[in-house]
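An overview of the molecular structure
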Amino acid sequence: MPTVDDLDHRETFLRAVAASAGALAFDAFRTRKPGDFTLKGHQDFLTEADGAVESHVRAEITEAFPDDGILGEEGGGKLSERLWVIDPIDGTANFARGIPHFCVSIAYRERGETLLGAIFNPASGELYFARKGHGATKNGAPIAVAATAAIGTASVEIGWSTRVEAGEYLAAQERVLGRGANIRRGASGALAIAWVAEGRTDGYAEYYMNAWDCLAGLLMVREAGGVTGTYPASESELLTGGVIFAAAPGIAAEFSAAMRIAIAPDIEKGEAA
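The following refers to the structure shown. (Residues numbered from 1 in each chain as written. Predicted model: local features only at pLDDT ≥ 70, side-chain atom pairs only at ≥ 80, totals over all residues. Heavy atoms only, no water.)

Scanning the protein from terminus to terminus reveals 8 helices and 15 strands. Its C-alpha atoms give the protein a radius of gyration of 17 Å, near enough to 19 Å, the size a compact globule of 273 residues would have. Residues classed as buried in the protein amount to 53% of the 273 residues present. Summarising the internal contacts of the protein: among those between residues at least 6 apart in sequence, 66% fall at separations of at least 24. Element-wise, carbon and sulfur atoms account for 52% of the exposed surface of the protein, whose accessible area totals about 11,500 Å². The average position of the 24 basic charges and that of the 37 acidic charges among the side chains of the protein differ by 3 Å. (Helix = DSSP H or I, 4+ residues; strand = E, 2+ residues; numbered from the N terminus. Rg over C-alpha atoms; globule rule 2.2 N^0.38 Å. Buried < 20%, exposed > 50% of the residue type's maximum accessible area, 1.4 Å probe, protein only. Contact = heavy atoms within 4.5 Å. Areas by Shrake-Rupley, 256 points an atom, 1.4 Å probe, with all protein chains shown as cover. Lys, Arg positive; Asp, Glu negative; His and termini not counted. Charge placed at Lys NZ, Arg CZ, Asp CG, Glu CD.)

Have a look at this one:
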């Protein structure tokens, strides 16, 4: 584990770089032109801002911590003992279409553990932050997962990826709806997980998600008293993506069963500080 002083330094840095990256993204959002985007793949949007924001974050990290590794959605990277994982704009489809529901998501991992996470929606001014063992906050105020006791009164979100057959998602939605839950979709996986940590929603699941989309949020959920899945089961899985699950404890078992996604062992769940 890093020293307290070292992690304090990295926390201060992360808060600052998330804010500056968010400001850069929001300026691009306000000045964007309709249709000013390209497609990396089917329903996979890319804007000029994605590259600019990631380049900014990479430059700041390299200057502050030149020996640390970086893994980003746009620029790639490789695994390292000390690793920053960046999604410059999560919710790019929203961003590209002028919908103010997107965020910058950055996580810091060391020796296989996510220690810090920041998710910032500059359009709403909401900064979600977590430090392992210190709880989770929104704009400095502590947050906690919902106290919802049964899936029949829950509101959950289910993400979607072209890497998984549509029929698998439709079957999962049918099972979740059959248990009485409400399903929503906001098109930003990182914000969706942060909303679970805050208690705005009760659960989030997706059959394929990349590390940069989820690591910060999964730490927040655990620190806010929630339950997560087994991702990442190994460091190599950071490069391949995987199955993601996050939920309030009261619905975790039912939601997990409906989605057919495993919950992490008790030792990995974490509790609010």
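What follows continues from the structure just given.
Buried residues dominate helix 5 (residues 189–198), accounting for 10 of its 10 residues. Within the span of helix 5, buried status applies to Gly 189, Ala 190, Leu 191, Ala 192, Ile 193, Ala 194, Trp 195, Val 196, Ala 197 and Glu 198. Immediately beyond the C-terminal end of helix 5, within one or two residues, lies Gly 199, with a positive phi of roughly 90°.

Read across the sheet, 8 strands follow the order 4-3-5-6-7-8-9-10 without closing on themselves; strand pairing throughout is mixed. Each having just a single partner strand, strand 4 (76–77) and strand 10 (141–142) make up the two edges of the open sheet. Where strand 3 (residues 69–72) lies against strand 5 (residues 82–90), 4 bridges are found, and the strand directions are parallel. Residue pairing in the sheet places Ile 70 in a bridge with Trp 84 of strand 5. Together, strand 5, strand 6 (103–110), strand 7 (113–121), strand 8 (126–131) and strand 9 (136–138) form the strand contacts of helix 1 (residues 4–31), whose direction differs from that of strand 7 by roughly 25°. (Pairing = 2+ DSSP bridges. Axes fitted to C-alpha atoms, helices over the stretch in contact; angles between N-to-C directions.)

Structurally, Val 221 can be placed in helix 6 (residues 211–223). For Val 221, a relative accessible area of 0% gives the class buried. Setting aside residues no more than four positions away along its own chain, Val 221 makes contact with Val 145, Ile 193, Val 196, Ala 197, Gly 226, Val 227, Thr 228, Ala 246 and Ala 247.

The next subject is the packing of aromatic side chains. Throughout the structure, instances matching the rule amount to 10 aromatic pairs. Here the aromatic cluster, defined as three or more aromatic residues joined through ring pairs, consists of Phe 13, Phe 65, Trp 84 and Tyr 108. One residue, Arg 15, lies across the ring of Phe 129, its end atom 3.9 Å from the ring centre. (Phe/Tyr/Trp six-rings, centres within 6.5 Å; stacked < 30°, edge-to-face > 60°. Lys NZ or Arg CZ within 6 Å of the ring centre and 35° of its normal.)

This brings us to the environment of Pro 122. Here Pro 122 is to be found in the loop between strand 7 and strand 8. Here Pro 122 falls in the buried class, since its relative accessible area comes to 11%. Sequence separation of Pro 122 and Ser 188 is 66 residues, and the distance between their C-alpha atoms is 14 Å. Sequence-distant contacts of Pro 122, defined by excluding residues within four places in its chain, comprise Gly 22, Phe 26 and Phe 102.

Applying the stated criterion to the full structure yields 16 salt bridges. In this structure, Glu 81 and Arg 111 form a salt bridge, with 3.5 Å as the shortest nitrogen-oxygen distance. Taken together, the residues Glu 81 in the loop between strand 4 and strand 5 and Arg 111 in the loop between strand 6 and strand 7 connect sequence positions 30 residues apart. On the accessibility criterion, Arg 111 (54% relative accessible area) is exposed. Glu 157 is the partner of Arg 184 in a salt bridge, and the nearest nitrogen-oxygen pair spans 2.8 Å. Taken together, the residues Arg 184 in strand 12 (residues 182–184) and Glu 157 in strand 11 (residues 155–158) connect sequence positions 27 residues apart. By relative accessible area, Glu 157 is classed as buried at 3%. Several salt bridges share partner residues, and in doing so they unite Asp 8, Glu 11, Arg 15 and Arg 131 into one network. (Salt bridge = Lys/Arg side-chain N within 4 Å of Asp/Glu carboxyl O.)

Okay, the nonpolar core next. Core analysis: the biggest nonpolar cluster contains 36 residues, and Ile 119, Tyr 128, Ile 193, Met 220 and Tyr 231 have the highest contact counts within it. Sorting the residues of this core by element identifies strand 5, strand 6, strand 8, helix 5, strand 13 (203–209), helix 6 and strand 15 (242–247) as the ones contributing at least two each. With 9 residues, the top contributor of residues to this core is helix 6. Once you skip the residues sitting within four places of it in the chain, Met 220 turns out to touch Gly 117, Ala 118, Ile 119, Tyr 128, Phe 129, Ala 130, Ala 136, Ala 194 and Ala 197. (Core = buried A, V, L, I, M, F, W, Y, C linked by side-chain atoms within 4.5 Å.)

Turning our attention to the packing of helix 1 against helix 2 (residues 48–64). Between helix 1 and helix 2, whose axes approach to 9 Å, the crossing angle comes to 155°. Viewed along their axes, helix 1 and helix 2 adopt a mutual orientation that is roughly antiparallel. Regarding helix 1 and helix 2, the two cross each other, and that crossing is right-handed. Of the residues in helix 2, those touching helix 1 at Phe 13, Val 17, Ser 20, Ala 21, Leu 24, Ala 25 and Ala 28 are Ala 49, Ala 52, Val 53, His 56, Val 57, Glu 60, Ile 61 and Ala 64. Its residues assigned to classes, the contact of helix 1 with helix 2 comprises 12 nonpolar, 2 polar and 1 charged. (Parallel < 35°, antiparallel > 145°, perpendicular 65-115°, else oblique. Left-handed = near helix turned anticlockwise from the far one by under 90°. Nonpolar A, V, L, I, M, F, W, Y, C, P; charged D, E, K, R; others polar.)

Interpretation in functional terms is not warranted from these geometric data alone.
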